[in-house]
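Fold and geometry: a report
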Amino acid sequence: MAILNILHYPDPRLHKVAKPVAQVDDRIRQLVKDMAETMYQAPGIGLAATQVDVHERVVVIDLSEEQNELRVLINPEILSRSDDTQVYEEGCLSVPGIYEEVKRASEIRVKALDENGQTQEFDADGLLAVCIQHEIDHLDGKVFIQRLSSLKHNRLRTKILKQRREKQLETVE
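Here is a short report on the structure shown in this document. (Residues numbered from 1 in each chain as written. Predicted model: local features only at pLDDT ≥ 70, side-chain atom pairs only at ≥ 80, totals over all residues. Heavy atoms only, no water.)

A look at the environment of M39
- By secondary structure assignment, the location of M39 is in helix α1 (residues 26–41).
- Remark: the alpha-carbon pair of M39 and R164, spanning 125 residues in sequence, is separated by 22 Å.
- Excluding its chain neighbours within four sequence positions, the residues that come into contact with M39 are G44, I45, G46, L47, V60, I61, D62 and L70. (Helix = DSSP H or I, 4+ residues; strand = E, 2+ residues; numbered from the N terminus. Contact = heavy atoms within 4.5 Å.)

Structure follows, in structure tokens:
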């Protein structure tokens, strides 16, 4: 297993739309293992392949404190969304240190393959629903701060770029 490099916003590779996985094979299972190890080490609760510069529709999620309830979603799709919404404060491994409230569907129905290529279909609500929607956004080339008002999004983008420049200057000194 390997720790993968997580891309940071505004890296343009985060905006590439991921392609469906044609076949769940040993290469995809190894990617899942590496993504899980990367997510746990970061630490985070979800990671999309896009975030590690692999543009295939693969997501890993684990909401457990013990990090022992890994969910693998390959080619995930949301079949339905409730009209009810919820607001959660979201963060992202690709946008470190930034947390903002995002409104999403309260309940979703999801269909995906697992790491064995078996189809799974299930309902999700609460934090799991938020996390799945957040990670599927990544597969579609969207970062959560793009769901904010354009004013807030632009302010955060400017703040992130300024922090990055300051960090580069510290490294030079």
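Right, picking up where we left off after that structure.
Quick word on the nonpolar core
- The biggest cluster of nonpolar side chains holds 17 residues, and the ones touching the most others in it are I61, L73, I108, F122, A124 and I132.
- At the level of secondary structure, the elements contributing two or more residues to this core comprise β2 (58–61), β6 (107–113), β7 (119–125) and α2 (126–139).
- With six residues, α2 is the largest single contributor of residues to this core.
- Each residue touching F122, except ones within four places of it in the same chain, is listed here: R71, L73, I108, R109, V110, L128 and I132.
- Counting residues in each nonpolar core, the second largest holds 16 residues, with I6, V21, L31 and M39 among its members. (Core = buried A, V, L, I, M, F, W, Y, C linked by side-chain atoms within 4.5 Å. Buried < 20%, exposed > 50% of the residue type's maximum accessible area, 1.4 Å probe, protein only.)

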